[in-house]
Amino acid sequence: MSAATACLVSYGSDSDSDNESTSKTGVVNVDATDPDATAHLKPLKSVPTMSVAVLNSAPEVAVKEAVETGTHLDPSLKEVTYNPTFETMFAPEFGPVNPFKSQQMAAPRNMLSGYAEPAHLNDFMFEQQRRTFSTYGYALDPSVDTHQVTAISYIGAVDEAEKNKGLTVFETGQKDKRSEKRKKIKGGEAGEIDTFLGPWAKYIDEKDSAKPSEEEQKELDEITAKRQKKGKNEEEAPAEEKTILHVKDMYDYQGRSYLHIPQDVGINLRSTEAPDKCYLPKKQIHVWSGHTKGVSAIRLFPHSGHLLLSSSMDCKIKLWEVYGERRCIRTFIGHSKAVRDICFNNSGTKFLSAAYDRYLKLWDTETGQCISRFTNRKVPYCVKFNPDEEKQSLFVAGMSDKKIVQWDIRTGEVVQEYDRHLGAVNTITFVDENRRFVSTSDDKSLRVWEWDIPVDFKYIAEPSMHSMPAVTLSPNGKWLACQSMDNQILIFGAQNRFRLNKKKVFKGHMVAGYACQVDFSPDMR
């Protein structure tokens with residue numbers, strides 16, 4: 001104890017000299033008379049304290065468990081997840097009564113219109129009585145015993161029930177009459193061949209005459225007239241043909257028309273040899289403008305190409321110069337609807353036009369006159385002259401009714417029909433020295449035909465194929481380039497087997513939905 005006191009005294013001393021003297025002597029001098037030095041080591045003296053009273057100002061309230069003796073159950077619940085007691089299920093509802101509810105609203109109900117009690121009733125019986133009530137106006141009263149049916153057993157039109165003897169819609173009063181079979185004329189015995197009729201005998205009440213009476217005939221005539229008027233396409237008269245010459249003089253000083261091949265354009269247009277090498281176009285040279293709507297087809301003049309024929313959705317056909325001033329030479333007007341396709345003959349003196357007005361028209365390129373008209377009341381989608389020099393009077397047209405129709409321009413009559421496609425015919429292309437032609441259709445197939453034989457000898461269709469609305473023959477006559485609707489250009493052989501060349505498929509362009517025409521350069525590169 002004395003050692004601990006000495007340590008505390010030395011710790012509380014502020015004098016360096018005291019520390020030095022202590023360190024030298026090793027003896028601590030404690031003043032026994034200083035009370036502060038040991039005050040914290042002595043126990044506290046007891047002092048009288050003041051008591052504090054705790055005051056709780058919250059009012060005494062009865063707890064919830066003391067008020068509610070049972071668990072509250074919502075009367076609107078349809079499913080309870082525990083076992084409630086009888087007192088809980090039939091206890092009165094809590095809260096005040098709604099004074100604004102009428103007696104009907106306050107009544108217990110399990111549906112919008114009231115309280116429906118389930119009843120054991122056969123579904124067929126319920127449906128029978130419901131239909132009977134909706135048809136005849138009466139039905140059995142479900143609150144009355146149905147074993148003793150009387151007049152009071154019905155609700156609704158009781159008079160009708162008595163009149164019909166309470167029959168339902170599934171019962172009729174003519175059961176016996178309908179159950180009777182129609183009697184046939186007796187046809188003798190089976191041994192007599194001449195008089196025996198057997199099961200082929202006529203009914204007794206059967207009438208031999210199939211001719212309707214006057215009243216029936218009148219009604220039939222009215223019905224037939226209405227049907228013909230409704231389903232018949234009104235035959236539109238062909239539009240009046242006329243032409244407009246846009247140049248001052250139709251003939252030059254030597255009496256030559258614009259069909260004459262020019263020789264002063266710096267190019268030999270009479271040459272039949274293809275150029276050695278062709279190049280890609282680098283810039284736009286000219287724009288021909290004159291049509292007011294979309295252009296559906298353009299065709300160059302045969303052999304020379306010094307004229308350009310264009311057909312448009314504005315129902316007009318225009319002839320343009322390719323060289324020189326590049327003017328519009330003549331306009332051919334004669335279709336009442338958009339022109340779909342055009343085709344020159346071999347010499348270029350005539351051309352055919354096919355339009356949505358269901359007419360094909362033959363025009364004179366030089367004078368602009370319409371020579372003849374052809375129609376089978378269907379829309380022509382494509383038209384082609386037979387390129388053979390000996391068959392220039394024949395042409396074929398792909399129609400909207402899945403047929404390819406062949407006409408003779410000398411007689412104006414249909415001489416052949418090729419009817420094998422399952423969709424509208426889109427293109428016709430002559431191959432194999434004009435002895436055959438290839439057609440494509442909306443049925444996603446390609447068919448090859450012999451000329452004047454209405455049965456296709458080659459049919460190409462695969463599940464992966466799409467329709468091909470544009471087909472072009474290569475200059476050497478060996479390949480067919482087909483624009484497919486799956487954004488591809490497919491190459492078919494145009495000679496014997498007409499096989500697809502899978503190594504030459506051209507992709508990368510977006511033409512789906514448009515019949516973009518394909519063409520080859522003259523050097524086939």
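Keep in mind that this is a model prediction, so the values were computed, not measured. (Residues numbered from 1 in each chain as written. Predicted model: local features only at pLDDT ≥ 70, side-chain atom pairs only at ≥ 80, totals over all residues. Heavy atoms only, no water.)

1. Here's the deal with the overall build of the protein
Then, in step 1: The secondary structure content of the protein amounts to nine helices and 23 strands.
Then, in step 2: Looking at the 525 residues of the protein, the share that counts as buried comes to 29%.
Then, in step 3: Sequence separation of at least 24 residues holds for 41% of the intrachain contacts in the protein that already meet a minimum separation of 6.
Then, in step 4: A total accessible area of about 38500 Å² is found for the protein, and carbon and sulfur atoms account for 52% of it. (Helix = DSSP H or I, 4+ residues; strand = E, 2+ residues; numbered from the N terminus. Buried < 20%, exposed > 50% of the residue type's maximum accessible area, 1.4 Å probe, protein only. Contact = heavy atoms within 4.5 Å. Areas by Shrake-Rupley, 256 points an atom, 1.4 Å probe, with all protein chains shown as cover.)

2. A word on the UniProt feature "repeat: WD" (unreviewed entry) in the protein
Then, in step 1: In the numbering used here, UniProt assigns the feature "repeat: WD" (unreviewed entry) to residues 288-322, 332-373 and 418-450.
Then, in step 2: With 0% helix and 58% strand, the stretch residues 418-450 has end C-alpha atoms that lie 10 Å from each other. (UniProt positions renumbered as here; feature names shortened; annotations may be inferred.)

3. Structural notes on the confidence of the model for the protein
Then, in step 1: Scored by pLDDT, the protein has a mean of 83; 85% of the residues are at 70 or more.
Then, in step 2: Confidence drops under a pLDDT of 50 for residues 12-28, and excluding neighbours within four residues, the segment shows six contacts in the predicted structure. (pLDDT = per-residue confidence, 0-100.)

4. Digging into the nonpolar core
Then, in step 1: Y258, L307, L309, I317, L319, F332 and F351 are the most contacted members of the largest nonpolar core, which totals 18 residues.
Then, in step 2: Of all elements in the fold, only strand 5 (307-312), strand 6 (316-321), strand 7 (328-333), strand 8 (339-344) and strand 9 (350-355) reach the threshold of two or more residues within this core.
Then, in step 3: The element best represented in this core is strand 8, accounting for three residues.
Then, in step 4: The contacts of I317, once residues within four sequence positions are left out, are L309, S310, S311, R330, T331, F332, H335, V339, I342, F351, S353 and W363. (Core = buried A, V, L, I, M, F, W, Y, C linked by side-chain atoms within 4.5 Å.)

5. Focus: unusual backbone geometry
Then, in step 1: Residue N434 is not a glycine yet carries a positive backbone phi of 65°.
Then, in step 2: Structurally, N434 is set in the loop between strand 16 (425-431) and strand 17 (436-441).
Then, in step 3: Judged by relative accessible area, which is 23%, N434 ranks as partly exposed.
Then, in step 4: Not every positive phi belongs to a glycine, and K444 is a case in point at roughly 65°.

6. Quick look at the sheet that holds strand 17
Across a sheet, paired strands are connected by hydrogen bonds in the backbone, their directions being either parallel or antiparallel.
Then, in step 1: Reading across the sheet, the four strands line up as 16-17-18-19 and stay open at both edges, with antiparallel pairing between neighbours. Edge positions in the sheet fall to strand 16 and strand 19 (456-460), since each of these pairs with one other strand and no more. The mean inter-strand angle of the sheet, taken between neighbouring strand axes irrespective of direction, is 20°.
Then, in step 2: Where strand 18 (residues 446-450) and strand 19 come together, four bridges link them in antiparallel fashion. Across the sheet, residue V448 finds its bridge partner in strand 19, namely K458. (Pairing = 2+ DSSP bridges. Axes fitted to C-alpha atoms, helices over the stretch in contact; angles between N-to-C directions.)

7. Digging into the pattern of salt bridges
Then, in step 1: This structure, assessed with the given rule, holds 16 salt bridges.
Then, in step 2: Two residues, R447 and D456, come together in a salt bridge whose shortest N-O distance is 2.8 Å.
Then, in step 3: The buried category is assigned to R447, whose relative accessible area is 6%.
Then, in step 4: Since its relative accessible area comes to 11%, D456 is described here as buried.
Then, in step 5: When salt bridges with common partners are traced through the structure, they connect D432, E433, R435, R436 and E450 into a single cluster. (Salt bridge = Lys/Arg side-chain N within 4 Å of Asp/Glu carboxyl O.)

8. Quick word on the environment of H306
Then, in step 1: Along the chain, H306 falls in the loop between strand 4 (295-300) and strand 5.
Then, in step 2: Separated by 47 residues in the primary sequence, H306 and L259 place their C-alpha atoms 8.5 Å from one another.
Then, in step 3: Look past the residues within four positions of H306 in its chain and what remains in contact with it is Y258, L259, H260, I261, P262, L269, F301, W320, E321, V322 and Y323.
Then, in step 4: Of note is the side chain of H306, whose polar atom sits 2.6 Å from the side chain of S304. (Polar contact = N/O pair within 3.5 Å; in protein donor to acceptor, adjacent residues only side chain to side chain.)

9. Some details on the sheet that holds strand 22 (residues 488-493)
Then, in step 1: Across the sheet, four strands lie side by side as 20-21-22-23; this open sheet has antiparallel pairing. Two strands lie at the open edges of the sheet, namely strand 20 (470-473) and strand 23 (500-507), each paired on one side alone. Strand-to-strand twist across the sheet, computed as the mean angle between neighbouring axes with direction ignored, equals 25°.
Then, in step 2: The pairing of strand 22 with strand 23 spans four bridges and is antiparallel. Bridge assignment links L490 to a residue of strand 23, and that residue is V505.

10. Remarks on a negative patch on the surface
Then, in step 1: A grouping of E214, E215, E216, E219, D221 and E222 is seen on the molecular surface, where their side chains present a negatively charged patch.
Then, in step 2: With respect to the secondary-structure elements, E215 resides in helix 9 (residues 214-231).
Then, in step 3: The exposure class of E215 is exposed, given its relative accessible area of 64%. (Patch = residues over 30% accessible without salt bridge, like charges linked within 9 Å, V, L, I, M, F, W, Y side chains within 5 Å. Lys, Arg positive; Asp, Glu negative; His and termini not counted. Charge placed at Lys NZ, Arg CZ, Asp CG, Glu CD.)

11. Comments concerning the packing of aromatic side chains
Then, in step 1: Evaluated as defined, the whole model comprises 19 aromatic pairs.
Then, in step 2: Both rings, one in F437 and one in W449, keep their centres 6.3 Å apart while their planes meet at 15°; by these two values the pair is stacked. Taken together, the positions of F437 in strand 17 and W449 in strand 18 put the pair twelve residues apart, joining distant regions of the chain.
Then, in step 3: Members of the aromatic cluster, joined through ring pairs, are F301, F332, F344, F351 and W363.
Then, in step 4: Lying over the aromatic face of Y203, R182 brings its terminal NZ or CZ to 4.1 Å of the ring centre.
Then, in step 5: It is R340 that lies over the ring of Y381; its NZ or CZ is 4.6 Å from the centre. (Phe/Tyr/Trp six-rings, centres within 6.5 Å; stacked < 30°, edge-to-face > 60°. Lys NZ or Arg CZ within 6 Å of the ring centre and 35° of its normal.)

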